[in-house]
Amino acid sequence: MKGIRVAIINNQEEKSLRVTKRLIALLAQSENTIDQDNPELVISVGGDGTLLSAFHLFNHKLDQVQFLGVHTGHLGFYTDWRDYELEEMVASLCNDRQKTVSYPLLDVRITYANGKSDKHFLALNESTIKRGNRTMVADISIKEDLFEKFRGDGLSISTPTGSTAYNKSVGGAVLHPSINAFQLAEIASLNNRVFRTLGSPIVVGHHEWVKVQLQQSTDYLVTIDQFTIEQEEIDAIYYRIADERIHFASYRHMHFWSRVKDSFIGEE
């Protein structure tokens, strides 16, 4: 069977560099080729953070590439192979190539009060909104209807796979990625007789969107996965489930609940 074009994205830790060198040698011995610019398969070597970086490097080609993660520590939520399984992994690259599993992504659009053009992002895990050292004030609407007036430390908006990250730490539910929805969780919301919010995470379906209308300020911090965006004059941020999805090569893709158990419960 004809080989495939492979791009490798790795972190700079010593072990990851060693594994990457070995992986390149194994690919050279196979019929697969290294192509960092126009790959069919993107292999990340490191951890989930490295896979997130690989996603952002190639998220303009999501309809053309699949992803596969090699973990140099313990298995993560996006990594299926360990560093000592490289021979088996390379041997499997040309088998069952059409088998993939896809996960929902978060579509993020930022609008500005100063007339600057909108900015658009995709997130694999989550986006958060916070404000410097002061209470964040925002109107949260679902579709066209005002849902609540939020006051607190911030908001976390996550995909199903990202629901195991910051969202979980602020009391959000863990969502299976077969649910095509995103989750909005409040971070330390202010609730008293004057100010009220729902106080519970909400799950928003793929046919709806959330608008976060921010109070005018110049000290908002918006994160998109591991990236922080410090922007002045942000007017509002719109969240919805993206039309695009990320596709993982499923030569040996671990079930989501197995990942959850491995990460948070461990062996019995």
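Residues numbered from 1 in each chain as written. Predicted model: local features only at pLDDT ≥ 70, side-chain atom pairs only at ≥ 80, totals over all residues. Heavy atoms only, no water.

Enquirer: Which parts of the structure should I look at to understand the UniProt feature "active site" (unreviewed entry) in the chain?
Expert: UniProt records the feature "active site" (unreviewed entry) for D48 in the present numbering. Looking at the secondary structure, you find D48 in helix 2 (residues 48-58). Look past the residues within four positions of D48 in its chain and what remains in contact with it is H71, G76, F77, Y78 and T79. (UniProt positions renumbered as here; feature names shortened; annotations may be inferred. Helix = DSSP H or I, 4+ residues; strand = E, 2+ residues; numbered from the N terminus. Contact = heavy atoms within 4.5 Å.)

Enquirer: Got a minute to help me understand the pairing of strand 16 (residues 234-249) in this structure?
Expert: Put simply, side chains in a regular strand alternate between the two faces of the sheet. Bridge count for strand 6 (residues 100-112) against strand 16 is 12 bridges, and the pairing is antiparallel. Within the sheet, the bridge partner assigned to I110 lies in strand 16 and is I237. Summarising the sheet, strand 13 (residues 209-214) and strand 16 pair through five bridges and their orientation is antiparallel. Bridging from a neighbouring strand, V212 pairs with I237 of strand 16. (Pairing = 2+ DSSP bridges.)

Enquirer: What is the right way to read unusual backbone geometry from this model?
Expert: Most peptide bonds are trans, and most residues other than glycine sit at a negative phi. Positive phi, close to 55°, is recorded for K143, a residue that is not glycine. Position of K143 relative to the elements: it lies in the loop between strand 9 (136-142) and strand 10 (145-158). The backbone of A188 sits at a positive phi, close to 50°, despite the residue not being glycine. Looking at where A188 falls in the secondary structure, it is placed in strand 11 (residues 181-189).

Enquirer: So what exactly am I meant to see when it comes to the packing of aromatic side chains here?
Expert: The description of an aromatic ring pair uses the distance of the two centres, along with the angle that the planes make with each other. By the definition in use, this model includes seven aromatic pairs. Both rings, one in F67 and one in F248, keep their centres 6.4 Å apart while their planes meet at 55°; by these two values the pair is tilted. Of this pair, F67 sits in strand 4 (residues 66-71) while F248 sits in strand 16; the two residues are 181 residues apart in sequence, bridging distant segments of the chain. F67 sits in the buried class, given a relative accessible area of 0%. With a centroid separation of 6.5 Å and 55° between ring planes, the pair formed by Y78 and Y103 is classed as tilted. Of the two residues, Y78 is situated in the loop between strand 4 and strand 5 (81-82) and Y103 in strand 6; the sequence distance between them amounts to 25 residues. Both residues of the pair, Y78 and Y103, count as buried. By the ring-pair criterion, three or more aromatic residues cluster together here, those being F67, Y78, Y103 and F248. For R109, the ring lying beneath its charged end belongs to Y238, and the centroid distance is 4.2 Å. One cation-aromatic arrangement involves K168 over F264; the distance from NZ or CZ to the ring centre is 4.4 Å. (Phe/Tyr/Trp six-rings, centres within 6.5 Å; stacked < 30°, edge-to-face > 60°. Buried < 20%, exposed > 50% of the residue type's maximum accessible area, 1.4 Å probe, protein only. Lys NZ or Arg CZ within 6 Å of the ring centre and 35° of its normal.)

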